[in-house]
Amino acid sequence: MAMNIGANDVANNVGPAVGSRAISMTGAIIIAAIFEMGGALVAGGDVVATVQKGIIDPAAIADTERFIWVMTAALLAGAIWLNVATASGAPVSTTHSIIGAVLGAGIAAGGAEAANWATLSGIIASWVISPVMGGVVAAGFLYWIKRSITYQEDMVAAAQRMVPILIGLMAFAFSTYLILKGLNKVWEVGVVSAFGTGIALGVATYWLVRRSITSKFEILENSKASINTLFTIPLICAAALLSFAHGANDVANAVGPLAAIVDAAKHSGGAIADKASIPLWVMLVGATGIAIGLLLYGPKLIRTVGSEITELDQMRAFCIAMSAALTVIIASQLGLPVSSTHIAVGGVFGVGFLREFIKTSYSQMIEEIKQHHAGADKKVVEAFLDRFGKASIEEKRLMLQQLKAHGATAELSKIERKKIRQVYRHELVKRSALLRIAAAWIITVPISGVLAALVYYMIFGMVNA
């Protein structure tokens, strides 16, 4: 189970950084393996819930022996489904995999009354809430960066103003995220204290960045590629911090059922506890398994998240990383059920769809300009388009207003607009990836549940043969 978590789930933390070429595949795997293990061992905690999210009632299971079978079946079924999802290139929620598996095996052992059906509503809601929130936040940051930096005539001057603010915000988001979600099992901190610490670190980072990179702006070219380089180091730091927080949190998906088995075996005949202590060797199994799974099978899903959905550069990857941290913070404070996997992948799609919308809108403007200049000298049209391409957003708006003031702009037909949208849609976001991943998300809980029930019945049949 731990190996399959490493193979599937860790891709969300480092995939955008690899896809944007901020870091190599080898470098990303080494960083992720170290920080995943560090997060699990340092901040994984020493106690875990025996049944994830209270999805089943342990009291409904007849005896300790059957409870051990349930947990064994859940581990094996969750691992099998994650393995299938990884092989098909679908990043799925490992939490949902183990929840579905525990639910399926629990129902097989204790009947439908063993299940906590109310918990399922939150899981179903997260299928929509997580990717939508992740996509909106990522797209919002990308639009902000485009408006404030890349759409400006002097991109270097604009970056000098905005990049320290963006990196300061990143420091705030990730420090708060790490305190609330990465260190929460070993360091009890209130929300106010976490936010206060995050704000202090964010402000300090803003001033440090502003002073330290001033000299770098002097050698930057006034190009998007040059500005992209400013986001490389923040992205590497983000990948490391996300991996640490993920190791601290999601190692429980592997070691939780195992710790429950160990605890039940030690107290055979007694009541099944709601929480179980995690022996060091159990945590080592989880931490090492995640690292080995990442090293062996991680590249496939890293490529899927980083480059097979939409094309990423450092600015886009930065927005996805910001979304991963901020969305979890916002959702946790609002009490919304979210999945970090769904948030990260939703962020990738959000960035792709925003680019699609912007490219389509721009191509429609160009087409309308050409139609307005129908019959005009070719050089005049090219000169106008060249000025339009270099103009700022405000200047573009004025140029279009002037065109309309001199005569009605020819409107594109619905068919022409649809053709333009289709060209950029297929170029920027792969619908096949969207459908494959969405389908995998929806079937994760039922598939892992059915597999776990089958494994449980198999164990039951062998023991009682």
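Structure shown above.
Residues numbered from 1 in each chain as written. Predicted model: local features only at pLDDT ≥ 70, side-chain atom pairs only at ≥ 80, totals over all residues. Heavy atoms only, no water.

## Notes on the overall build of the chain
Phase 1: Check the secondary structure of the chain and you find 19 helices and 2 strands.
Phase 2: Rg of the C-alpha trace for the chain: 25 Å, near the compact-globule value of 23 Å for 465 residues, within the 12% margin.
Phase 3: For the chain, the C-alpha atoms occupy an extent of roughly 90 × 50 × 35 Å along the three principal directions.
Phase 4: Sorting the 465 residues of the chain into buried and exposed places 55% on the buried side.
Phase 5: As presented, the chain carries roughly 20400 Å² of accessible surface, and 64% of it is formed by carbon and sulfur atoms. (Helix = DSSP H or I, 4+ residues; strand = E, 2+ residues; numbered from the N terminus. Rg over C-alpha atoms; globule rule 2.2 N^0.38 Å. Buried < 20%, exposed > 50% of the residue type's maximum accessible area, 1.4 Å probe, protein only. Areas by Shrake-Rupley, 256 points an atom, 1.4 Å probe, with all protein chains shown as cover.)

## Considering the packing of aromatic side chains
Here the distance between the centres and the angle between the planes together describe a pair of aromatic rings.
Phase 1: Using the criterion set out here, one finds 9 aromatic pairs in the structure.
Phase 2: Residues tyrosine 206 and tryptophan 207 carry aromatic rings whose centres are separated by 5.1 Å and whose planes lie at 70° to one another, so their mutual orientation is edge-to-face.
Phase 3: Taking the relative accessible area as the measure of exposure, tyrosine 206 reaches 22% and is therefore partly exposed.
Phase 4: For tryptophan 207, a relative accessible area of 44% translates into the label partly exposed.
Phase 5: Taking the centre distance of 5.9 Å and the plane angle of 65° together, the rings of tyrosine 456 and tyrosine 457 count as edge-to-face.
Phase 6: The exposure class of tyrosine 457 is partly exposed, given its relative accessible area of 48%.
Phase 7: Linked through ring pairs, Trp69, Tyr456, Tyr457 and Phe460 together constitute an aromatic cluster. (Phe/Tyr/Trp six-rings, centres within 6.5 Å; stacked < 30°, edge-to-face > 60°.)

## Considerations on the pattern of salt bridges
Phase 1: By the definition in use, this model includes 3 salt bridges.
Phase 2: Among the salt bridges present, the one from aspartate 313 reaches lysine 224, with a minimum N-O distance of 3.8 Å. Of this pair, aspartate 313 sits in the loop between helix H13 (280–308) and helix H14 (314–334) while lysine 224 sits in helix H10 (residues 224–228), and the two are 89 residues apart along the sequence.
Phase 3: According to the relative accessible area criterion, aspartate 313 is buried, its value standing at 10%.
Phase 4: Lysine 224 gets classed as partly exposed once you look at its relative accessible area, which sits at 31%.
Phase 5: Salt bridges sharing partners connect three or more residues here, namely Lys224, Asp313 and Arg316. (Salt bridge = Lys/Arg side-chain N within 4 Å of Asp/Glu carboxyl O.)

## Digging into unusual backbone geometry
Phase 1: Although it is not a glycine, arginine 21 adopts a positive phi angle of roughly 65°.
Phase 2: With respect to the element layout, arginine 21 can be found in the loop between helix H2 (11–19) and helix H3 (25–43).

## Brief notes about H2
Phase 1: Most of H2 sits out of view: 9 of its 9 residues are buried.
Phase 2: Those residues of H2 lying buried are Ala11, Asn12, Asn13, Val14, Gly15, Pro16, Ala17, Val18 and Gly19.
Phase 3: Buried residues along H2 sit in contact with helix H1 (2–8), H3, helix H11 (232–250), H13, H14 and helix H15 (340–372).
Phase 4: Trailing H2 by a residue or two, arginine 21 shows a phi angle of about 65°, which is positive. (Contact = heavy atoms within 4.5 Å.)

## A closer look at the packing of helix H5 (residues 94–110) against helix H19 (residues 431–463)
Phase 1: Where H5 contacts H19, the two axes come as close as 7 Å, and the packing angle between them is 45°. Here H19 runs oblique to H5, going by the angle between their axes. Judged by the twist between their axes, the crossing of H5 over H19 is right-handed. Facing His96, Ser97, Gly100, Ala101, Gly104, Ala105, Ala108 and Ala109 of H5, the residues of H19 in contact are Thr444, Val445, Ser448, Gly449, Ala452, Ala453, Tyr456 and Tyr457.
Phase 2: The class makeup of the residues in the contact of H5 with H19 is 9 nonpolar, 7 polar and no charged. (Axes fitted to C-alpha atoms, helices over the stretch in contact; angles between N-to-C directions. Parallel < 35°, antiparallel > 145°, perpendicular 65-115°, else oblique. Left-handed = near helix turned anticlockwise from the far one by under 90°. Nonpolar A, V, L, I, M, F, W, Y, C, P; charged D, E, K, R; others polar.)

## Quick notes on the environment of serine 20
Phase 1: Residue placement: serine 20 occurs in the loop between H2 and H3.
Phase 2: With a relative accessible area of 4%, serine 20 lands in the buried category.
Phase 3: In the structure, serine 20 is positioned 294 residues away from glutamine 314 in sequence and 5.1 Å away in space, judged by C-alpha atoms.
Phase 4: The residues touching serine 20, leaving out its near neighbours within four places in the chain, are Leu235, Leu312, Asp313, Gln314 and Ala317.

## Things to note about helix H16 (residues 378–390)
Phase 1: The end-to-end C-alpha separation of H16 is 19 Å, in line with the 18 Å expected for 13 residues at 1.5 Å each.
Phase 2: For H16, the full list of buried residues reads Val381, Phe384, Leu385 and Phe388. Down the axis of H16, the buried set is contained in an arc of 95°. They therefore lie on one face. Set apart from the buried face of H16 by more than 90 degrees, the exposed residues are Lys379 and Lys390. (Expected span 1.5 Å × (residues − 1). Arc of directions from axis to C-beta.)

What is shown is where atoms sit, not what they do.
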